[in-house]
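Now for the letters of each chain:
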Amino acid sequence: MSVYRRSIWVFHLNTGSCNACDIEILDVLTPYHDVERFGIKLVASPRHADALLLTGPITKESLPKVIDALLAVPEPKLVIAIGSCTCGGGIWYDTYSTLGGLNELYRVLKEEYGIPEPPTVKVPGCPPRPEAIIYGVALALGIVKQKYSTTKVRVE
Amino acid sequence: MSRLSWIKKALEVGVVTRKYPFEHAEVPEGSRGLPEFDSSKCIGCSACANVCTPDAIRVVDDLNEGVRRVEYFVGRCIFCGRCAEVCPVSAIRITKEFELAYKDEVRFIIELKLVKCSNCGKPFTTTRHLNHVLGKVGEGLPELMTLCPDCRRKSTVNSFITPVGGTV
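Described below are features of the structure shown in this document. The structure presented is a predicted model; accordingly, all values stated were derived computationally and were not measured.

**Details of the overall build of chain B**
Then, number 1: When helices and strands are counted, chain B shows six helices and six strands.
Then, number 2: Seen in sequence order, chain B has helices and strands lined up from the N terminus as α-β-α-β-β-α-β-β-β-α-α-α.
Then, number 3: The C-alpha atoms of chain B give 26 Å as radius of gyration, which overshoots the globular expectation for 168 residues (15 Å, by more than 25%).
Then, number 4: Taking the principal axes of the C-alpha coordinates as reference, chain B spans close to 110 × 30 × 25 Å.
Then, number 5: Intrachain contacts of chain B at a sequence separation of at least 6 include 67% that bridge at least 24 residues.
Then, number 6: Total accessible area on chain B stands at roughly 10,400 Å², and carbon and sulfur atoms take up 53% of it.
Then, number 7: Charged side chains of chain B number 24 positive and 20 negative; the gap between the two group centres comes to 4 Å.

See the structure below:
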């Protein structure tokens, strides 16, 4: 992701979250964690943004708005999913009124609009610690490497 | 407050910003992070999957391969720690680990061998689970323990019935 080596401007979009993740995002912007040292800035329009910051399990009501915002972000775009709800659906993964996570959104985008999956960094947590969000951003910028990978153990 | 006194206060307080990804982050005591699965202890009883609110832990029996698959998906976990609370053999430990952001999906999978019913041959539990229960029960019913629940029920009923004028 070398294109993101410079400052990334983010547009924050709540897709039906409980606001805990949104409060943690505000924490990240405070002087204590100060994510602006990476050049990260919240902007008011997705047209000015490089990255889309999604929180919440993507309710069916918010789906058209999410798609509109995602299409409005100019290429090359990046999606940062904050919280377990966005990453894998969280406790709402099979609820009737939500899509249940980002994978389902990408499936809809591919099938209905023919849009390929944008590069995505997912930050699980309920809500994630501010440090965890910074770690996710650092992963997107290429400062750190992904710490865990899938492991499979077979025992007797 | 005049401007000069603000500068004095700022100098007193100093720099508060953490250098986080470039330095170690302090995590408070009692913070719940990634659950750690000890595959050498797990018996595959699926107590953790029963209590898991978002079904981040799933237990599926693969009858073709004859294994029980305990699968943990980090992207759905809400880090409530109930799995560690209910685990009868303390195979799950809640760590303080929070650096879990990922690009490729992270799953921790433990595969445990299933044991087959000595009567009908249907796999019904894992070898480790059976040994764990045998250790709790002790002496007494070892021949019933190798039967699946259905066969066990039939065998218990058959032991009570005395056939009169024919077979049961």
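From this point, things continue past the structure.
**Notes on the pattern of salt bridges**
Residue and element names in this part refer to chain B.
Then, number 1: Considering all chains together, one arrives at 19 salt bridges over all chains under this definition.
Then, number 2: Two residues, Asp61 and Arg68, come together in a salt bridge whose shortest N-O distance is 2.8 Å.
Then, number 3: We classify Asp61 as partly exposed; its relative accessible area is 33%.
Then, number 4: Given a relative accessible area of 10%, Arg68 falls into the buried group.
Then, number 5: A salt bridge links Arg69 to Asp62; the shortest N-O distance between them is 3.2 Å.

**A short note on the environment of Val89 of chain B**
Residue and element names in this part refer to chain B.
Then, number 1: Mapping Val89 onto the fold places it in the loop between helix H3 (82-86) and strand S4 (92-94).
Then, number 2: Remark: the alpha-carbon pair of Val89 and Asp62, spanning 27 residues in sequence, is separated by 23 Å.
Then, number 3: Setting aside residues no more than four positions away along its own chain, Val89 makes contact with Lys41, Ile43 and His132.

**Here's the deal with the environment of Asp104 of chain B**
Residue and element names in this part refer to chain B.
Then, number 1: For Asp104, the location among the structural elements is in the loop between S4 and strand S5 (107-116).
Then, number 2: Overall, the relative accessible area of 54% leaves Asp104 in the exposed class.
Then, number 3: It is 31 Å that separates the C-alpha atoms of Asp104 and Val89, two residues lying 15 residues apart in sequence.

Parameters and conventions
- In this convention, every chain numbers its residues from 1, walking through the sequence in written order.
- All chains are assigned letters beginning at A, and all ligands numbers beginning at 1, according to the order in which they are written.
- With pLDDT at 70 or above as the cut-off, local features in this predicted model cover only qualifying residues; side-chain atom pairs require 80 or more to be listed or tallied, and sums for whole chains, interfaces and linings still use all residues.
- Think of the side-chain values as coming from all heavy atoms in the structure, minus any hydrogens and water.
- Secondary structure elements are taken from DSSP: a helix is a run of H or I of four residues or more, a strand is a run of E of two residues or more, and numbering for both begins at the N terminus.
- Each radius of gyration reported is based on C-alpha atoms, and the globular scaling rule is 2.2 Å times the count of residues to the power 0.38.
- The contact definition used throughout considers only heavy atoms, calling two residues in contact when any of these lie within 4.5 Å.
- With residues, only the protein chains shown are counted as cover, and all accessible areas are computed by Shrake-Rupley using a 1.4 Å probe.
- A positive count includes Lys and Arg, and a negative count includes Asp and Glu. His and the chain ends are not counted in either.
- A charged residue contributes its charge at one atom only: NZ of Lys, CZ of Arg, CG of Asp or CD of Glu.
- A carboxyl oxygen of Asp or Glu within 4 Å of a side-chain nitrogen of Lys or Arg is what we treat as a salt bridge.
- When a residue's accessible area, from a 1.4 Å probe over protein chains only, is under 20% of the maximum for its type it is buried; when over 50% it is exposed; and in between it is partly exposed.

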